[in-house]
Amino acid sequence: MRLSWDDYFLKMAETACLRSTCLRAQFGAVLVKNHTLISTGYNGAASGVKSCLEQGDCVRERLHIPSGENYEICHSVHAEANAIIRASFDLMDDATLYIFGLQQEKPRSGMPCFMCWRMIFNARIGKVIYLDEEGQKKIVNVKVVDRGRILSYSERET
Ligand SMILES: [Zn+2]
Ligand SMILES: [Zn+2]
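1. A few points about the overall build of the chain
Okay, so step 1: The number of helices and strands found in the chain is seven helices and eight strands.
Okay, so step 2: Taking 158 residues into account, the globule formula puts the C-alpha radius of gyration at 15 Å, and the chain, at 15 Å, falls close to it.
Okay, so step 3: Judged by the C-alpha coordinates and their principal axes, the chain covers about 40 × 35 × 30 Å.
Okay, so step 4: When burial is assessed residue by residue, the chain has 36% of its 158 residues classed as buried.

2. Here's the deal with the pairing of strand β8 (residues 137-141)
Okay, so step 1: Bridge analysis of strand β7 (residues 127-131) against β8 gives five bridges, and the strand direction is antiparallel. Among the inter-strand pairings, Tyr130 is bridged to a residue of β8, identified as Lys138.
Okay, so step 2: Count of turn residues in the β7/β8 antiparallel hairpin: five residues, of which Gly135 carries a positive phi of about 80°.

3. Some remarks on the nonpolar core
Okay, so step 1: Of all hydrophobic cores here, the largest spans 37 residues; its most connected members are Ala13, Ala29, Val30, Leu97, Tyr98 and Ile99.
Okay, so step 2: Dropping the residues within four chain positions of it, Leu97 is found in contact with Ala29, Leu31, Glu80, Ala83, Ile120, Ile125 and Val128.

4. So, helix α6 (residues 114-122)
One full turn of an α-helix is made of 3.6 residues, so residues set three or four places apart face in the same direction.
Okay, so step 1: Among the residues making up α6, those that are buried are Cys116, Trp117 and Ile120. Down the axis of α6, the smallest arc covering the buried residues is 105°, so these residues share one side.
Okay, so step 2: Positive phi shows up at Arg124, right after α6, with a value of about 65°.

5. Some points on the environment of Arg124
Okay, so step 1: Looking at where Arg124 falls in the secondary structure, it is placed in the loop between α6 and β7.
Okay, so step 2: Residues Arg124 and Arg2, spaced 122 residues apart in sequence, show a C-alpha to C-alpha distance of 30 Å.
Okay, so step 3: Those residues in contact with Arg124 that lie beyond four places of it in its chain are Met92, Asp93 and Asp94.

6. A word on helix α1 (residues 5-17)
Okay, so step 1: Helix length check: α1 (13 residues) gives 19 Å between terminal C-alpha atoms against 18 Å at 1.5 Å per residue, within 8%.
Okay, so step 2: Every buried residue belonging to α1 is among Phe9, Leu10, Ala13, Glu14, Ala16 and Cys17, and all of these are buried. End-on, the buried residues of α1 take up no more than an arc of 160°, which puts them together on one face.
Okay, so step 3: Tucked into the core, α1 has its buried residues touching β1 (26-33), β2 (36-42), α4 (79-85), β5 (96-103) and β7.

7. A few points about the pairing of β1
Okay, so step 1: Within β1, seven of the eight residues are buried, which leaves it mostly tucked inside the rest of the structure.
Okay, so step 2: Alignment of β1 against β5, held across seven bridges, turns out to be antiparallel. Each bridged residue has a counterpart across the sheet, and for Gly28 the counterpart in β5 is Phe100.
Okay, so step 3: Pairing geometry for β1 and β2, over six bridges, is antiparallel. Along β2, the bridge assignment pairs Ala29 with Gly41.
Okay, so step 4: The turn linking β1 back onto β2 is made up of two residues, and Asn34 within it adopts a positive phi angle of 50°.

8. Some words on unusual backbone geometry
Okay, so step 1: Phi at His64 takes a positive value of approximately 55°, unusual for a residue other than glycine.
Okay, so step 2: Relative to the helices and strands, His64 resides in the loop between α3 (59-62) and β4 (76-77).
Okay, so step 3: Residue classification places His64 among the exposed residues on the basis of 6 C-beta atoms within 10 Å.
Okay, so step 4: A positive phi angle, near 45°, is found at Gln104, a position not held by glycine.
Okay, so step 5: Within the fold, Gln104 resides in the loop between β5 and β6 (106-108).

Calculation rules
Residues numbered from 1 in each chain as written. Chains lettered and ligands numbered in written order. Predicted model: local features only at pLDDT ≥ 70, side-chain atom pairs only at ≥ 80, totals over all residues. Helix = DSSP H or I, 4+ residues; strand = E, 2+ residues; numbered from the N terminus. Rg over C-alpha atoms; globule rule 2.2 N^0.38 Å. Buried ≥ 20, exposed ≤ 12 C-beta atoms within 10 Å, placed from the backbone. Pairing = 2+ DSSP bridges. Core = buried A, V, L, I, M, F, W, Y, C linked by C-beta atoms within 7 Å. Contact = placed C-beta atoms within 7 Å. Arc of directions from axis to C-beta. Expected span 1.5 Å × (residues − 1).

Quick look at the structure:
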């Protein structure tokens, strides 16, 4: 069976997530424009900082910090952020961001966190496509989204 474009790039995001250095949750992101890959990213420690994998310890996991809270104690850069900082600003205009997440080898919603939404808005990305925890495809048209609502929704849900 031939993959659709969306499934093709979601598979690439899944592959990227397998490069994650976090023990708690793994995310992969790919940025695409005109069916062409612009950049990829996965979540992991910032350059020069010991990763969860190297330390054998994820501080957020150890302290049972709920998703979406106390990001300041973690040294990681999110998958979406890594994809964005590796891409050219002009190419990101109206591009599509695909996100795939795993937690304990089970699907985890690829819905961006509130910090990443802000970056997505400023990068002028047009569409975000991710799989939720049930593996259902979610498509968010960034340009028509109520940004205030998305931000408060993701603060509660991720
Ligand atoms: Zn971690
Ligand atoms: Zn994020």
